[in-house]
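Notes for the structure review
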Amino acid sequence: MSKLNGETFNIEANNIEKLTELFPEINTDGKIDFDKLKQILGNYVDDADERYKFTWNGKGEALRLSQTPSMGTLRPAKEEGESKNWDDTQNLYIEGDNLEVLKLLQKSYFNKVKMIYIDPPYNTGGDFVYKDNFKDNIQNYKKVTGQVDGEGNATTTNREYSGRYHTDWLNMMYPRLRLARNLLTDDGVIFISIDDNESHNLKRVCDEVFGESNFITQITTLCNPRGRSQDKYFATNHEYIFIYSKTELPKGALSVLKEESQIQKEYPEVDNQNRRYRLIELRNTHIEFGKHNRPNLFFPIYYDPEFNKMSMENKKDYIPIYPIWNDGFEGCWTWDREKVVNDLEHLEVRMVSGSWKVYRKNYAEGSVKMLKTIFADNLYYTDKGQKVISELFDTRFKIFESPKSVSLIKQLIQTRCGKNDIILDFFAGSSSSAHATIELNAEDNGNHKYIMVQLPEETDKKSEAYKAGYENIAEIGKERIRRAGEKVKDELKEKYENASNEERKEMKHPDDLDIGFKVFKLDSSNIKAWNPGKYENIQGAIDDALTPYVPGRTEEDVVYELMLKMGLDLTYSVEEFDVNDKVIYSIGYGFLMICLADEIDVSVAEKMTEIKEANDQQEFRAIFRDEGFITDTDKTNVKETLRSAGLAEESFITL
Ligand SMILES: C[S@@+](CC[C@H](N)C(=O)[O-])C[C@H]1O[C@@H](n2cnc3c(N)ncnc32)[C@H](O)[C@@H]1O
């Protein structure tokens, strides 16, 4: 049996575990013997006082902040007006401070995200919302978002008030980037938009977090061709995107597929299976290679012009073709005899300028192009992003300042993602990344899923957004996805209806396009015992024992909190089963079963066994409240029944 505590994934403990795995001798009673570690690492330890390093005021504290587990949780907001298509969607929209949210996602999404795109505040003065309160982030977050009374803790940081603006920005970014890296798959990539205010600091902090050798490139995007007239010396018309991978990637790992029109131009031939290809001469066209130095590549390929057939044998009516140049020079093929024999069907013979030539078919499939480091396409301009939102919200006014171009984010996703990856944006703003993901899925029949994280930052009361009824940016972000999803689906429907049967085979059916999202909101833990600062008096402790949850929280809130603690994907299905008025929640088709009711008896265990069997689950876990059992005998009976259904000792879990 195991007992759950309120902490999320403990990053420090995980690091110690990893070190101990490598060097068991440095762990003494759970603590690391640093001197011993230094001895093991020998000459590779750099402990000189003066060395190349990047540091700033508060870095140590920011590092600690990224390591302390969160005591908060994410509460589902299933209702209409918040989530869309709750039961069918694989997408997540999370409202809350991204530091806490990233911590909460550590277990469920560790090593699962293929692509992160972020467009953090550029630190242009007053553009980031509040300082992380090292002591209690959830409380601080609630004050800032107006959820509890406070003494006006909206500590807007800008250069007028604070001489520490670079430091503050770094303290904000450093822990978030560290946490974000954990979520990337080993072959995952992060893209970060930034301008000149912090690009130098971003580069250095990313070099530290991701490793210099994982720096892929710094793209310059032409974002505003007219330039910023308010600038002092030059009218800036560009910004940057920094790209880092989690581990070193092979050459070409960030290429994109060529566009159809380009493919048609470059691959003019079409075979009987409708595949595009081009012909490349099989003869080696480098003058320095020939029969004289590559004798094994000089041999005849026989051809029957009447029936357009090739052979490696000299048959009747077949003519020999040699790799001979027009001037008589005896050249050579690029393939050896064995390859020609095996791949004869990929060769073609044509008569060119009076002589027979052998060609190999080079297919367009997987044809990729390498991107250049300057993005100057007008589709990527910022005003394109603005136009998309104005159209969606049917307004001439700016509902959101500087949304990114959807085409730009689509292009970035395409450089690294296949068709079925998780895309994360934890500075989501107006949700351009969600919009890009939906469009891409509609275009290439993909099934990418997104996770958007956005602080419910209040909109200015004088802003157009506020006047239009959007009190915070999360409201704008969610509404944008609702509208964008419907629009993309309508367009896809029209395209589908006009497509031929053959074309439809390659297309996404409009009903299969996921335009929904599940909304979760950051909050303190639902379980009183896991909330810090309690039991100030006896009565409080008694009340806690009687009502285990924070007032206003539901069993479903607790179920999702437990899913996070157990490291389960928040989009897993959650089904409810009723046994004598007690609810069993079955998560991921019986993978995890939770019953938080009182007076639990064997009937609950029997139902759980039934669910497990109906879903053919080999392994499963069961969670109950300790107080859910009236007697120890009930608990033992439930446990025994589940054990005979195959439940492992440590998978019987109590709160
Ligand atoms: C530059 S905007 C992103 C714009 C976005 N790329 C778009 O196209 O709409 C940065 C966003 O990050 C949000 N933000 C700032 N600090 C945050 C935090 N600690 N947690 C979550 N979101 C935050 C801001 O509210 C703002 O909406």
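Residues numbered from 1 in each chain as written. Predicted model: local features only at pLDDT ≥ 70, side-chain atom pairs only at ≥ 80, totals over all residues. Heavy atoms only, no water.

1. With respect to the site of the ligand
Lining the immediate surroundings of the ligand are 19 residues, of which Asp119, Lys404, Ser430, Ser432 and Glu457 lie closest. At 2.8 Å from a nitrogen atom of the ligand is found a side-chain nitrogen or oxygen belonging to Asp119. Contacts to the ligand include Lys404, whose backbone N or O atom sits 2.8 Å from an oxygen atom. Here the ligand, which alone exposes 610 Å², has 92% of that area covered by the protein. Residue composition of the shell around the ligand, by class: eight nonpolar, six polar and five charged. (Near = heavy atom within 4 Å. Polar contact = N/O pair within 3.5 Å; in protein donor to acceptor, adjacent residues only side chain to side chain. Areas by Shrake-Rupley, 256 points an atom, 1.4 Å probe, with all protein chains shown as cover. Nonpolar A, V, L, I, M, F, W, Y, C, P; charged D, E, K, R; others polar.)

2. Describing the sheet that holds strand β12 (residues 276-281)
Here four strands make up an open sheet; going across it, the order is β11-β12-β17-β16 and the pairing antiparallel. Across the chains shown, the open sheet's two edge strands, defined by having one partner strand only, are β11 (269-270) and β16 (347-352). Pairing analysis gives six bridges linking β16 to strand β17 (residues 355-363), with the strands arranged antiparallel. Following the sheet pairing, Arg350 is matched in β17 by Lys357. (Pairing = 2+ DSSP bridges. Helix = DSSP H or I, 4+ residues; strand = E, 2+ residues; numbered from the N terminus.)

3. Quick look at the nonpolar core
Counting residues in hydrophobic clusters, the biggest one holds 72 residues, and the most contacted among them are Leu74, Leu177 and Leu202. Top element by residues in this core is helix α6 (residues 165-183). It accounts for nine residues. When residues of this core are assigned to domains, at least three fall in each of domain 2 (84-255 + 370-497 + 509-520) and domain 4 (528-654). The residues touching Leu177, leaving out its near neighbours within four places in the chain, are Ile118, Ile190, Ile192, Leu202, Val205, Cys206, Val209 and Phe210. Of all hydrophobic cores here, the second largest spans 21 residues; its members include Tyr117, Tyr380, Ile413 and Ile423. (Core = buried A, V, L, I, M, F, W, Y, C linked by side-chain atoms within 4.5 Å. Buried < 20%, exposed > 50% of the residue type's maximum accessible area, 1.4 Å probe, protein only. Domains from an automatic or database assignment. Contact = heavy atoms within 4.5 Å.)

4. Remarks on a nonpolar patch on the surface
Taken together, Ile40, Leu41 and Tyr44 make up a surface patch of nonpolar side chains, about 340 Å² in accessible area. Tracing the backbone through its elements, the reader meets Leu41 in helix α2 (residues 34-41). (Patch = residues over 30% accessible without salt bridge, like charges linked within 9 Å, V, L, I, M, F, W, Y side chains within 5 Å. Salt bridge = Lys/Arg side-chain N within 4 Å of Asp/Glu carboxyl O.)

5. A few points about the pairing of strand β22 (residues 518-524)
With six of its seven residues buried, β22 lies for the most part within the structure. Looking at chain direction, strand β4 (residues 72-77) and β22 are connected through six bridges and run antiparallel. Note that in β22 the partner of Leu74 across the bridge is Leu522. In the sheet, strand β5 (residues 92-95) pairs with β22 via four bridges, with the strands oriented parallel. Bridge pairing in β22 places Ile94 opposite Phe520.

6. Things to note about the pairing of strand β7 (residues 184-194)
Judged by how many residues are buried, β7 sits mostly within the fold: nine of 11 residues are covered. Where strand β6 (residues 113-118) lies against β7, five bridges are found, and the strand directions are parallel. Residue pairing for β7: Met115 is matched across the bridge by Val189. Bridging between β7 and strand β9 (residues 238-245) involves six bridges; their strand directions are antiparallel. Across the sheet, Phe191 pairs through a bridge with Ile243, a residue of β9.

7. Considerations on the domain arrangement of the protein
Per the domain assignment, the segments making up the protein are domain 1 (2-51), domain 2 (84-255 + 370-497 + 509-520), domain 3 (282-356) and domain 4 (528-654). Listed by partner, the interface residues are 12 residues for domain 2 and 11 residues for domain 4. Summed over both partners, the interface of domain 2 with domain 4 comes to about 960 Å²; 55% of that surface belongs to carbon and sulfur atoms. Of all residues in domain 2, the largest losses of buried area upon contact with domain 4 belong to Lys107, Ser108 and Phe520, amounting jointly to 41% of the total for that side. In this structure, the connection of domain 2 to domain 4 is made through zero salt bridges. Summed over the shared surface of domain 2 and domain 4, the result is four residue pairs in polar contact (both at pLDDT 80 or more). Those elements that provide at least two residues to the side of domain 2 that touches domain 4 are α4 (98-105) and β22. The residue makeup of the side of domain 2 that touches domain 4, split by class, is six nonpolar, four polar and two charged. (Buried area = accessible area lost by both parts, 1.4 Å probe.)

8. Looking at the sheet that holds strand β27 (residues 652-654)
Ordered in space as β1-β27-β26-β25-β24-β23, the six strands form an open sheet in which the pairing is mixed. Two strands bound the open sheet, and with one partner strand each, they are β1 (2-3) and β23 (574-579). With three bridges connecting them, strand β24 (residues 582-587) and strand β25 (residues 592-595) associate as antiparallel partners. Its bridge partner lying in β25, Ser586 is registered against Met593.

9. A closer look at the confidence of the model for the protein
In the predicted model, the protein carries a mean pLDDT of 89, and 91% of its residues have values of at least 70. Note on residues 152-161: pLDDT is under 50 here. Beyond four places in sequence and across chains, it has 24 contacts. (pLDDT = per-residue confidence, 0-100.)

10. A look at the environment of Ser407
Tracing the sequence through the fold places Ser407 in helix α11 (residues 406-416). Exposure remark for Ser407: the relative accessible area of 22% places this residue in the partly exposed category. Sequence-wise, Ser407 and Leu37 are 370 residues apart; in three dimensions their C-alpha atoms are separated by 49 Å. In this view, Ser407 contacts Leu379 and Tyr380; residues no more than four positions away in its chain are not counted.

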